[in-house]
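# Architecture at a glance
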Amino acid sequence: MVTATNAIGSTAAAGSASPSGLSKSAQLGQSDFLRLLTIQVQQQDPFDPVDNKEMLAQMAQFSSLSGIADMGSTLQGISSKLDTLTSALTTSKSIANDPTA
């Protein structure tokens, strides 16, 4: 029997290995993690429950991954705005230096 802990661990590893290489349908999100966590709690052996430290570590790892993904999208937005600003400044400099204007 595969434990839910192993399923969550391998899911986290698959999601963090190469997120850009995975298709949108292959990437797991927060709702998928919560579903796995719920199944893990429901299917655990009552005489040998999952260690609280292990569960907290899994939740912290997912939270960190989510924060990194949010930060990546924010940095992409900043980068595109800087590219737009750079092209606008280049255009205005070329117009200012144009002797025919």
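Just so it is clear, the structure is predicted and the values come from calculations on it, not from any experiment. (Residues numbered from 1 in each chain as written. Predicted model: local features only at pLDDT ≥ 70, side-chain atom pairs only at ≥ 80, totals over all residues. Heavy atoms only, no water.)

What the protein contains, in helices and strands, is three helices and zero strands. N-terminal to C-terminal, the α/β element order of the protein is α-α-α. The buried share among the 101 residues of the protein stands at 10%. Long-range contacts, defined as pairs at least 24 residues apart, comprise 60% of the intrachain contacts of the protein with a sequence gap of at least 6. Within the structure as shown, the protein displays about 7900 Å² of accessible surface, and the carbon and sulfur contribution to it stands at 61%. (Helix = DSSP H or I, 4+ residues; strand = E, 2+ residues; numbered from the N terminus. Buried < 20%, exposed > 50% of the residue type's maximum accessible area, 1.4 Å probe, protein only. Contact = heavy atoms within 4.5 Å. Areas by Shrake-Rupley, 256 points an atom, 1.4 Å probe, with all protein chains shown as cover.)

Glancing now at helix α3 (residues 52–96). The terminal C-alpha atoms of α3, which comprises 45 residues, lie 65 Å apart, in line with the 66 Å expected from a rise of 1.5 Å per residue. Residues Met55, Gln58 and Phe62 constitute the buried set of α3. (Expected span 1.5 Å × (residues − 1).)

To continue, consider the packing of helix α2 (residues 30–43) against α3. Two numbers describe how α2 lies on α3: the axes approach to 11 Å, and their chain directions differ by 175 degrees. Of the possible angle classes, the one that applies to α2 and α3 is roughly antiparallel. Contact residues: Gln30, Phe33, Leu37, Gln40 and Val41 in α2; Met55, Gln58, Met59 and Phe62 in α3. (Axes fitted to C-alpha atoms, helices over the stretch in contact; angles between N-to-C directions. Parallel < 35°, antiparallel > 145°, perpendicular 65-115°, else oblique.)

Turning next to a nonpolar patch on the surface. Where nonpolar side chains cluster on the molecular surface, the patch consists of Ile68, Met71, Leu75, Ile78, Leu82, Leu85 and Leu89 and spans about 680 Å² of accessible area. Structurally, methionine 71 can be placed in helix α3. (Patch = residues over 30% accessible without salt bridge, like charges linked within 9 Å, V, L, I, M, F, W, Y side chains within 5 Å. Salt bridge = Lys/Arg side-chain N within 4 Å of Asp/Glu carboxyl O.)

Close reading of the predicted structure is inappropriate where its pLDDT is low. Per-residue confidence for the protein gives a mean pLDDT of 75; residues scoring 70 or more make up 72%. When mean pLDDT is taken per element in the protein, α3 scores highest with 88 and helix α1 (residues 4–17) scores lowest with 42. Note on residues 1–19: pLDDT under 50 across the span, and 17 contacts to partners over four residues away in sequence or across chains. (pLDDT = per-residue confidence, 0-100.)

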